[in-house]
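Here are the chains, one letter per residue:
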Amino acid sequence: MNPRVEGQQTAATPAVNSGARVISVGGGKGGVGKSFMVANLATCLARAGYRVIVVDCDLEGANLHTVVGAHAPVSSLADFVAQRVDDLGKLVFDTPIEGLQLIAGTHANLSDAQPTHLRRVRLMRALRRLQADFVILDLGAGVHSAVLDYFLVADDGLVVCSPEPTSVENAYTFLRAAFYRRMRLAMVGHGVRKLVTTAMDQRNEHGLRTPLDLLREIEAIDSADGARFVQTMREFRPRVVINNVRTAEDIKLGFAVCSVCRKYFGIDAEYLGYVNQDDDVRLSVASRKPLVEYRPKSDASIYLQRIARKLAGGRPSSFQAAAPNRVASPSGAPTPAAGSPTA
Ligand SMILES: Nc1ncnc2c1ncn2[C@@H]1O[C@H](COP(=O)(O)OP(=O)(O)O)[C@@H](O)[C@H]1O
Ligand SMILES: [Mg+2]
């Protein structure tokens, strides 16, 4: 892997689009395949002609560089967090995959791995200005406010979940926490914000159990905040991916997760796709190649390509001109039903 020695974001490089599309990959639990998903979806998009930068935001468990087959770079996001580097572009390194670059998360000071709120705001602005078509964030586990903010800043928030009760439980916890954080940030009135904070505690004494309970209370206090609440609720559309699927029941889990989100949390989640459990993943990591490169014709690779195409489908038409038709028909294109919960 070669560092981009000519100053990474060279002024001479024309920007194809006005801002990178930011995709966050989270899910609450460790080990469910977030980094696997980031590396493979990014590779699919890069192979389809898009310029992609993956960012390892998991400073406490940084390993995305290994999953994309790169060596640990000399500098990383940790330098931005610690304010040693101000220009995020200087932390972008090439990977062995053409069109795919990396901001690693290595060498963090683990006693202070999360950025302050101000630093986070700066980071989010800088991410969008990176010269790429897609910037894909690999989030850490848990529901730390920094993790939630990385998720909320994205144009697309993906929640990766495995067909295990613990993973499903953590996915709900993560989505719920992200939802309430987003709501609190959207509210203007001090009293209303306090109410949202109260509702975050599932056993709160106000009896606020669902977002609709909360909405009723908010509307009674401030109708403008009530309208903002409804609007923000509509805009919150996380996308669920089930990884490590083995059975037909596992595939159906995605529908169940989305339906629970709608029924109990008022969250309109979308089931984006699934990827099967594949023993070759281990071998692909050992050979320092994403699975879609190591076994491009495998079922799991085909499902990953399908998810990547759905993600790319959201790009504006000016962007599509930069990669004509390539995302619509990558090599090894799946049959229409493969990997798609909706097909
Ligand atoms: N679909 C899959 N089939 C087989 N192994 C997988 C699959 N997805 C992920 N893994 C393996 O599971 C482990 C955890 O994945 P990782 O992406 O590191 O999880 P996370 O980033 O959520 O902590 C890794 O060893 C990875 O190679
Ligand atoms: Mg990871």
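Residues numbered from 1 in each chain as written. Chains lettered and ligands numbered in written order. Predicted model: local features only at pLDDT ≥ 70, side-chain atom pairs only at ≥ 80, totals over all residues. Heavy atoms only, no water.

When you go through the chain residue by residue, the secondary structure sums to 14 helices and eight strands. Out of the 343 residues in the chain, the part that is buried amounts to 54%. For the chain, the share of sequence-separated contacts (at least 6 apart) that also reach a separation of at least 24 residues comes to 75%. With an accessible surface of roughly 15,100 Å², the chain has 51% of that area assigned to carbon and sulfur atoms. (Helix = DSSP H or I, 4+ residues; strand = E, 2+ residues; numbered from the N terminus. Buried < 20%, exposed > 50% of the residue type's maximum accessible area, 1.4 Å probe, protein only. Contact = heavy atoms within 4.5 Å. Areas by Shrake-Rupley, 256 points an atom, 1.4 Å probe, with all protein chains shown as cover.)

This brings us to the packing of helix 4 (residues 117-129) against helix 5 (residues 145-153). Following both chains from N to C, one finds helix 4 and helix 5 inclined at 25 degrees, their axes separated by 11 Å at the closest point. Between helix 4 and helix 5, the angle is such that the two are roughly parallel. In this structure, the crossing between helix 4 and helix 5 has a hand that is right-handed. Note on element contacts: helix 5 touches helix 4 through Ser 145, Ala 146, Asp 149, Tyr 150 and Val 153, opposite His 117, Arg 120, Leu 123, Met 124 and Arg 128. A class-by-class count of the residues in the contact of helix 4 with helix 5 yields five nonpolar, two polar and three charged. (Axes fitted to C-alpha atoms, helices over the stretch in contact; angles between N-to-C directions. Parallel < 35°, antiparallel > 145°, perpendicular 65-115°, else oblique. Left-handed = near helix turned anticlockwise from the far one by under 90°. Nonpolar A, V, L, I, M, F, W, Y, C, P; charged D, E, K, R; others polar.)

Not every positive phi belongs to a glycine, and His 107 is a case in point at roughly 60 degrees. Of note, His 107 is situated in the loop between strand 4 (100-103) and helix 4. A positive phi angle is found at Arg 288, which is not glycine, with a value near 55 degrees. Here Arg 288 is to be found in the loop between helix 11 (280-286) and helix 12 (291-294). With relative accessibility at 34%, the residue Arg 288 sits in the partly exposed group.

It is worth spelling out the packing of helix 6 (residues 165-186) against helix 9 (residues 223-235) at this point. Where helix 6 contacts helix 9, the axes come no closer than 10 Å and their chain directions differ by 140 degrees. As the angle between them shows, helix 6 and helix 9 are arranged oblique. With respect to the hand of their crossing, helix 6 and helix 9 are arranged in right-handed fashion. Between helix 6 and helix 9, the residues in contact are Phe 179, Arg 182, Met 183 and Ala 186 and Asp 225, Arg 228, Phe 229, Thr 232, Met 233 and Glu 235, respectively.

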